[in-house]
Amino acid sequence: MEYNLADLFESVVDVVPGREALVALDHPGTGAERRLTYRELDAAANRVAHHLTGAGLRPGEHLGIHLRNGVEYLQTLLGTLKARLVPVNVNYRYVEEELVHLYRDADLAALVFDAEFGGRVAAALPRTERLRHLLRVGTPPPDAPGPAGAVPFASAAARAPDGRGFGPRSADDQFIIYTGGTTGMPKGVMWRQEDLFFSGLGGGAPTGEPVSSPGELARRVAAGGDGITFFPTPPLMHGTSTLTAFIAFGFGQRVVLHRGFVPGEVLRTIEKERVTTVSLVGDAMLRPLVDALSGPLRGTDLSSLFSVSSSGAIMSDTVREEFAALAPKVLVLNNFGSSESGFNGTATADSGPERGFRLRVNARTTVVDPVTHEPVAPGEPGRIAQRGHVPLGYYNDPEKTAETFFRRGGERWVLLGDMATVDEEGVVTVLGRGSQCINTGGEKVYPEEVEQALKSHPRVYDALVAGVPDAVWGNRVAAVVQTRAGAPAPDLAEIQAHCRTRLAGYKIPRRLVIAPEIRRSPSGKADYRWARAVAVAAMAAEAPDGS
C-alpha cells in the first residue's frame, strides 16, 4: 500500500468499521440528520465509485463537486478517490461565467451538483465541451429542472454495488484544489496524494509524529480510542474543511457537518454532539458565535469543546478575547496555511497588534528572497516558502506555475504570496499578502494589520482595508467598515484617533466608508476587490465633478 488517500481511508474502516464516522445535520428547524458508521460511509463511497466507472469514466479524468455540505459531498469525494478519478472542488457561489471558466479550465469529464444550482449548471454546459456525465443531488424545483440528462444521485448510488473490488492505486494519484484567492480567475492546485497527506494532513498526526509507513495509520487507530468530534464549519468546497474531515478520518474519529453556517445552530450542535474541535475562518465566523454566546445562547454548554482554530483568515485579538471571556477553557488557535502549502504553522501567544502576526512554523517553511529564492537574513522582508511535500503546480497554467514553484537544493519548493520577516529564533512575522500591499508615498501598508486595529474599536463589527488612487501619494489607505448593530457609525476623525494609538501615521486610514455588510466568501475570506470598488465608488460620489 502507498500513501494514497482512498487506501488509507479503507485501512481505517477495516479496523473500526462500527465506529460513527459522519453526522450530517440539515438546515435548522428541520430536524433532519444522517449518521453513518465507517463501514456505512465506505459502502456509500463504493457505490459512487462503481457508478462512475460504470458510466465510462477512466482513472485520471476530472470530476467536479458542486455541492453544499452533506453526506453526498464526502461520499462523492471518497468515491472519486476510490475510482482513481481526480476530484475538483467547485465554489457554489460562482455564476455562469465563472463556472464556464472552471469547468473548462479543469477539463471536467463529470459533475456532481446540488439541484438548487441546476439553472447555473445548465447555462454553463453549452460552453463546456468535455463534460459528459452529470449526477444531480436532490429534487429540482418544477420551474427550474436544470440540465437535461442529469442522473439522480440517489437512484444511481442505490443501483451500484457497495463492495470494493477496485484496482491498485498510487501515491501519484492527484487531488486538485481550486482556489479563487482575492484576485483573478480560479486556479487549480495539483497535489500528489502522498504530498497532500504529509503537508495538508500532517502525515496522519498534525500535532505529533507523522506515520513512517502507510500501514501505521490503521495500527494507530486500532490502538487508540474514540471520543473526538471534529466540526468543520466552513463549506467543504474550501480546502480547509475538506482537509479537516480527512484529518478526522485519519484518526478514526467523528465528523459533524452543517449544510450551512448558522451561528446559533453551530453552538447547539457543539452542545448536543459533544464537539471537541471546531474549525472556522476568521472573525466572519467567530464574531457571530460570540454575539450568540453573549446574547440569546448565553449559557450554552461548551464543556466538551477543547479548541477553536482558524485557517485562511486571522481571528483578531479583540474577537478572540471576547470569545475567551465566554469560553475561558477553550484553546483558540490562529493557524496559517494555504491551498498551495497545506499547514505551515500556528500563531504564537504574543502574536497581536503590538508585535504583529507571529508564527512558529514547521521545519519545511522559511522566508526567502522572491528573486534569488535564498533565505533572507533576520529582519529582512521576503516571502514565505515551503519545501518538500508541495504541489506539482497549477493545472493548465504553466506561466503561473513557473512563477510560484521552483527547485532548490534538490527539493521542490512553493513560493507563497505572503510577505514576512523571520527573527533569530526562527519565528516568522507575517506582514500580509503581497498582492494586497498598499504603496503609499513609498511606504508599504498591509491591510491585515490595519484591519486588526479597526476591529478593536468598540463600534466596529467588521472591516476591510484597500488602497485607492491618490494623485500625490500614489495610493491612500481606505477602510470599509461595518458597524455593530444599533451602534452609531464612527466618523473618520474618530477612526483615525483610535488607530493612531496602534499604528504608524502612514498606515492610518485616510478614507472611511460605512457599509451595511462586509462582503466575504462563504468560508469567511476577504473580498478585497469588492472593498476597493466600494471605496473608489465612494470617492467618485464625493468628487464635485463626479469623477
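The coordinates are above.
Being a predicted model, the structure only gives us computed values, none of them experimental.

Rules and cut-offs
- Residues numbered from 1 in each chain as written.
- Predicted model: local features only at pLDDT ≥ 70, side-chain atom pairs only at ≥ 80, totals over all residues.
- Heavy atoms only, no water.
- Helix = DSSP H or I, 4+ residues; strand = E, 2+ residues; numbered from the N terminus.
- Rg over C-alpha atoms; globule rule 2.2 N^0.38 Å.
- Buried < 20%, exposed > 50% of the residue type's maximum accessible area, 1.4 Å probe, protein only.
- Contact = heavy atoms within 4.5 Å.
- Lys, Arg positive; Asp, Glu negative; His and termini not counted.
- Charge placed at Lys NZ, Arg CZ, Asp CG, Glu CD.
- Expected span 1.5 Å × (residues − 1).
- Disulfide = S-S within 2.5 Å.
- Salt bridge = Lys/Arg side-chain N within 4 Å of Asp/Glu carboxyl O.
- Pairing = 2+ DSSP bridges.
- Axes fitted to C-alpha atoms, helices over the stretch in contact; angles between N-to-C directions.
- Core = buried A, V, L, I, M, F, W, Y, C linked by side-chain atoms within 4.5 Å.
- Parallel < 35°, antiparallel > 145°, perpendicular 65-115°, else oblique.
- Left-handed = near helix turned anticlockwise from the far one by under 90°.
- Nonpolar A, V, L, I, M, F, W, Y, C, P; charged D, E, K, R; others polar.

*Asks:* Mind showing me how you'd approach the overall build of the protein here?
*Replies:* When its secondary structure is counted, the protein shows 16 helices and 27 strands. Taken against the 2.2 N^0.38 rule, which gives 24 Å for 547 residues, the C-alpha radius of gyration of the protein at 23 Å falls within 12% of a compact globule. For the C-alpha atoms alone, the extent of the protein along its principal axes is close to 65 × 60 × 50 Å. The proportion of buried residues among the 547 residues of the protein is 56%. Long-range contacts, defined as pairs at least 24 residues apart, comprise 66% of the intrachain contacts of the protein with a sequence gap of at least 6. Taking the 58 positively charged and 63 negatively charged side chains of the protein as two groups, their mean positions are separated by 2 Å.

*Asks:* Where do I start with helix H11 (residues 283-294) in this structure?
*Replies:* Since the α-helix turns once every 3.6 residues, residues separated by three or four places project in the same direction. Taking 1.5 Å per residue as the helical rise, H11 with its 12 residues ought to reach 16 Å, and the 15 Å between its terminal C-alpha atoms agrees with that figure. Counting buried positions along H11 gives 9 out of 12 residues, so the element sits mostly inside the fold. All of the buried residues along H11 are Asp283, Met285, Leu286, Arg287, Pro288, Leu289, Val290, Ala292 and Leu293. Contacts made by the buried residues of H11 are with helix H10 (263-273), strand S12 (277-280), helix H12 (317-326), helix H14 (447-455) and strand S25 (460-470).

*Asks:* When you look at the state of the cysteines in this model, what are you seeing that I'm missing?
*Replies:* A complete count under the given rule lists 0 disulfides for this structure. Cys437 carries a free sulfur, and the closest cysteine sulfur to it, the one in Cys499, is 17 Å from it. In this structure Cys437 comes out as partly exposed when scored by relative accessible area, which is 23%.

*Asks:* Even after reading the chapter, I still don't get the pattern of salt bridges, so can you show me in this structure?
*Replies:* The tally for this structure, following the rule as stated, stands at 46 salt bridges. Note that Glu61 and Arg132 form a salt bridge whose closest N and O atoms lie 2.8 Å from each other. Taken as a pair, Glu61 in the loop between helix H2 (38-54) and strand S3 (62-66) and Arg132 in the loop between helix H5 (118-124) and strand S6 (133-137) lie far apart in primary sequence, 71 residues in all. Judged by relative accessible area, which is 44%, Arg132 ranks as partly exposed. The salt bridge involving Glu216 is made with Arg220; its shortest N-O contact spans 2.9 Å. Here Glu216 and its partner Arg220 are both found in helix H8 (residues 214-223), 4 residues apart, which amounts to about one turn of the helix.

*Asks:* Mind showing me how you'd approach the sheet that holds strand S26 (residues 474-483) here?
*Replies:* Where strands meet in a sheet, backbone hydrogen bonds hold them as pairs that are either parallel or antiparallel. Spatial ordering of the open sheet is given by S25-S26-S27, a layout of 3 strands whose pairing is mixed. In this open sheet, the two edge strands, each paired with only one partner strand, are S25 and strand S27 (511-514). The sheet shows a mean angle of 25 degrees between the axes of neighbouring strands, taken without regard to direction. Sheet topology note: the S26/S27 ladder contains 4 bridges and is parallel. When the bridges of S27 are listed, Val480 appears paired with Val513.

*Asks:* Explanation requested: the nonpolar core in the structure shown.
*Replies:* Soluble, globular proteins show a tendency: their nonpolar side chains are buried together. Leu5, Tyr38, Leu41, Leu74, Phe197, Phe249 and Ile384 are the most contacted members of the largest nonpolar core, which has 78 residues in total. Per-element accounting of this core gives the leading share, 7 residues, to H2. Grouped together as the second largest cluster of nonpolar side chains are 26 residues, Ile270, Leu302, Met315 and Phe323 included.

*Asks:* Is there a simple way to think about unusual backbone geometry in this case?
*Replies:* Most of the time, phi is negative for any residue but glycine, and the peptide bond is trans. Located in the positive-phi region is Asp107, a residue other than glycine, with phi close to 55 degrees. Checked against the element boundaries, Asp107 lands in the loop between helix H4 (96-105) and strand S5 (108-114). At Arg274, a residue that is not glycine, the phi angle is positive and equals roughly 55 degrees. Of note, Arg274 is situated in the loop between H10 and S12. Residue class for Arg274 comes out partly exposed when judged on its relative accessible area of 37%.

*Asks:* Would you mind going over the packing of H2 against helix H3 (residues 71-82) with me for this structure?
*Replies:* To characterise two packed helices, one gives the angle between the axes of the helices and the distance between these axes. Running from amino to carboxyl end, H2 crosses H3 at an angle of 60 degrees, the nearest separation of the two axes being 7 Å. In this view, H2 runs oblique relative to H3, as classed from their interaxial angle. As H2 packs across H3, the resulting crossing turns out to be right-handed. Contact with H2, carried on its side by Leu41, Asp42, Ala44, Ala45, Asn46, Val48, Ala49 and Leu52, involves Gln75, Thr76, Leu78, Gly79, Thr80 and Lys82 of H3 and no other residues of that element. Partitioning the contact of H2 with H3 into residue classes produces 7 nonpolar, 5 polar and 2 charged.

*Asks:* Explanation requested: H4 in the structure shown.
*Replies:* For H4, every residue scored as buried is listed here: Leu99, Val100, Leu102, Tyr103 and Asp105. Among the structural elements, S3, strand S4 (86-89), S5, H5 and strand S8 (174-179) are those in contact with the buried residues of H4. Downstream of H4 by a residue or two, Asp107 has a phi angle that is positive, lying close to 55 degrees.

*Asks:* Please clarify how the environment of Pro288 should be interpreted in this entry.
*Replies:* You can see Pro288 is positioned in helix H11. On the accessibility criterion, Pro288 (16% relative accessible area) is buried. In this structure the C-alpha to C-alpha distance between Pro288 and Gly264, which are 24 residues apart in sequence, comes to 8.5 Å. Not counting residues within four places of it along the chain, the set of residues in contact with Pro288 comprises Phe261, Pro263, Asp283 and Tyr461.

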